[in-house]
Every structure is written in C-alpha cells, then in structure tokens.
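Analysis of the macromolecular model
One letter stands for each residue in the lines below.
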Amino acid sequence: METTGIKPLLIVLALMIATAVAASRVGEPELAPAVGVTRALPRQVGRFTGHEMLYCAEADCAEAYGADEFDDHTVAVCPLCGGALDTMAPIERRLLPEGTEIVRAFYRDSKGSSFFVSVVIGGRDRMSLHRPENCLPGQGLSIRGNRLLDTPLDEESILHTRLLDVRRQVGGSDAAVFSHFTYWYIAPGRETPSQWRLYAWMAADRLIHARMDRWAYVAVAHDYNPLHEKESLEKLREFLANLRPLIIVPAAIPGA
Ligand SMILES: [Zn+2]
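What counts, and where the lines are drawn
- Residues numbered from 1 in each chain as written.
- Predicted model: local features only at pLDDT ≥ 70, side-chain atom pairs only at ≥ 80, totals over all residues.
- Helix = DSSP H or I, 4+ residues; strand = E, 2+ residues; numbered from the N terminus.
- Contact = placed C-beta atoms within 7 Å.
- Core = buried A, V, L, I, M, F, W, Y, C linked by C-beta atoms within 7 Å.
- Buried ≥ 20, exposed ≤ 12 C-beta atoms within 10 Å, placed from the backbone.
- Domains from an automatic or database assignment.
- Pairing = 2+ DSSP bridges.
- pLDDT = per-residue confidence, 0-100.
- Expected span 1.5 Å × (residues − 1).

1. A look at the overall build of the chain
A count of helices and strands for the chain gives 5 helices and 13 strands. Summarising the internal contacts of the chain: among those between residues at least 6 apart in sequence, 63% fall at separations of at least 24.

2. Overview of the nonpolar core
In terms of nonpolar packing, the biggest core is built from 38 residues, with Val117, Val119, Tyr185, Ala216, Val218 and Phe239 touching the most fellow members. Elements with a minimum of two residues in this core: strand 3 (48-56), strand 6 (101-108), strand 7 (114-121), strand 10 (176-187), helix 4 (195-209), strand 13 (216-224) and helix 5 (229-247). When residues of this core are assigned to domains, at least three map to each of domain 1 (52-95) and domain 2 (98-246). Residues in contact with valine 218, not counting those within four places in the same chain, are Val37, Val119, Tyr183, Trp184, Ile186 and Ile247.

3. Considering the pairing of strand 9 (residues 158-169)
Pairing of strand 8 (residues 142-152) with strand 9 involves 10 bridges; the strand directions are antiparallel. The residue of strand 9 that forms the bridge with asparagine 146 is leucine 164. Between strand 8 and strand 9, which follow one another and run antiparallel, lie 5 residues. Relative to strand 10, strand 9 is paired through 8 bridges, and the arrangement is antiparallel. Counted as the bridge partner of leucine 163 is threonine 182 from strand 10.

4. Overview of the environment of arginine 144
Its location among the elements puts arginine 144 in strand 8. Residue class for arginine 144 comes out exposed when judged on the 11 C-beta atoms lying within 10 Å of it. Each C-alpha atom, one on arginine 144 and one on arginine 167, is 7.0 Å from the other, the two residues being 23 residues apart in sequence. Aside from chain neighbours lying at most four places away, what touches arginine 144 is Asp165 and Arg167.

5. Here we look at the confidence of the model for the chain
Of the residues in the chain, 83% reach a pLDDT of 70 or more, and the chain-wide mean stands at 83. Here helix 1 (residues 7-26) stands out as the least confident element of the chain, with mean pLDDT 54; strand 2 (residues 44-45) is the most confident, with 97.

6. Examining unusual backbone geometry
Its identity is not glycine, yet alanine 62 carries a phi of approximately 55°, on the positive side. Mapped onto the secondary structure, alanine 62 falls in the loop between strand 3 and strand 4 (64-66). Positioned with a positive phi, alanine 210 is a non-glycine residue whose angle comes to about 50°. With respect to the helices, strands and loops of the structure, alanine 210 is situated in the loop between helix 4 and strand 12 (212-214). Taking the C-beta count within 10 Å as the criterion, alanine 210 has 14 such neighbours and is therefore assigned partly exposed.

7. Regarding helix 4
Its 15 residues place the ends of helix 4 20 Å apart at the C-alpha level, agreeing with the 21 Å of an ideal helix rising 1.5 Å per residue. Along helix 4, the positions that sit buried rather than exposed are Gln195, Leu198, Trp201, Met202, Ala203, Asp205, Arg206 and Leu207. With its phi angle positive at about 50°, alanine 210 sits one or two positions after the end of helix 4.

8. Structural notes on the pairing of strand 13
In this sheet, strand 13 lies alongside strand 7 in antiparallel orientation, the contact comprising 6 bridges. Residue pairing in the sheet places valine 120 in a bridge with tyrosine 217 of strand 13. Sheet topology note: the strand 10/strand 13 ladder contains 9 bridges and is antiparallel. Residue serine 179 lies in a different strand from strand 13, and its bridge partner there is aspartate 223.

9. Quick notes on the environment of alanine 89
In this fold, alanine 89 is placed in the loop between strand 5 (85-86) and helix 2 (90-95). On a C-alpha basis, the gap between alanine 89 and leucine 54 in space is 7.9 Å, while along the polypeptide they are 35 residues apart. When near neighbours in sequence (up to four residues on either side) are disregarded, alanine 89 contacts Tyr55 and Ala62.

Right under this line is the structure:
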C-alpha cells in the first residue's frame, strides 16, 4: 500500500458505514450507464496482435480458446462438447455478481513476446472487482513483490499501476515461471491503482453525490526472465503506454 498509517482506512470505513445508513434512508443511487473503457479489446497494440479469449460455457468442460480459432465466434460452439462460447469462464459466470462483464486477450509479436490482458467491468456490486492479491495465491501463484509501476504516457502524464511480482512452480519441479502482473481501476475521468482509493470514491459518490459509477479493472501480465527483469519492465511499460489510449473512453464530463 502506498498510503501510510491507518487513517485512510478509517475514513473509508466511516464512509462505508455512513453510506449504508444513507442508502437505507434514501435508497440506492442509479448505476451510471457510462463505462470508462471499451467493451472490446483492440486487435493491434503496437507491434502486438491480439486474440480474444473465449470459454466453453459448460461447467464440466470450461475449455479456453483464442477467438482466432473460429471464423465467426458469434455462432461458433465448443469443438469438444458443443457448448456455447462465452467471454467469461463458467465459474466466473456463476460466482461474480450480475452485470459483471469480462474480456480477455492474448497479444503476441513476431519475436515470441506475449502479453495477457484482462478487463473486468463491474456492475452494481463492488465485489465484481476483487483484488488480485487475494485470488492469485489460490491459483497456485506466489506473490514475491508488490509495488507501484510508473509508466510515462507523454510529457505531462504518468500512468500509475500496481505491480505484482508473481512466481509459479512448474509441475512439481524446482523450475519456476516469473511473471509481472500489473493492474489499475478506471471509471469515466478517473483512474487509480489503489483499491482503497477506489472504495473511498465509491463510498463518497453514493453518500455525497447519490451516484454510482461503473468501474473497470484492467490487468496486464507477462512472463519474464529474471536475468532480464529491467528490460522486461521496459517492455511492459511500452505495452501499457500503447494499450491505454486504445481502451480508455474519454469522459464527457471529467470526474471529481
Ligand atoms: Zn466445451
């Protein structure tokens, strides 16, 4: 956490309690229709070509595919079981709150470098957007480092994202795969890498402005060679700087 001390946390908690009280009195605000990101991922990010991920909707199968494996994925079915295809895995469809939308894509260049991009658009329930720190270890990954990543976008602006240094063991051996996993949150006119800032904004919006933004969570991951970590981070920054303007939807009225 880049915040120091417990004070920000107490403010958030106080706002959450106040929000619950206010909501019980005046009812829940309407969910704003606008989303701060595009609902489809770009085909091309710099020299990287993207392939959207699709999942078999049958829980027993749940096979994952690249959309490029199908001529027309709107009518394609799972080649293994004939089930319908979905942009979310069956377990996500079942567990995530209604209204949650997910798109994912793999990006590759001709040299074999690749990035994985995941965008989750939340619904009314803030549980749509969970912290990856909480769920990555459950997927057999260990988080070895957690810090902020600064990516210069142009002369004046810097994109701040949360960077996790992730490691996973390969099939019971001593070999490990190293990955950088970076994420941030976006609503129209607002961006932050901090979940506490996100919750504080959500709480203040409900309580003070009687409004509810639809927040999106964007994550970008790629594997790296620990001997070349610095170069790998530079590649990640370059990818982020190319990706961000392609997925951001400019806000009609800048947020507070
Ligand atoms: Zn299937």
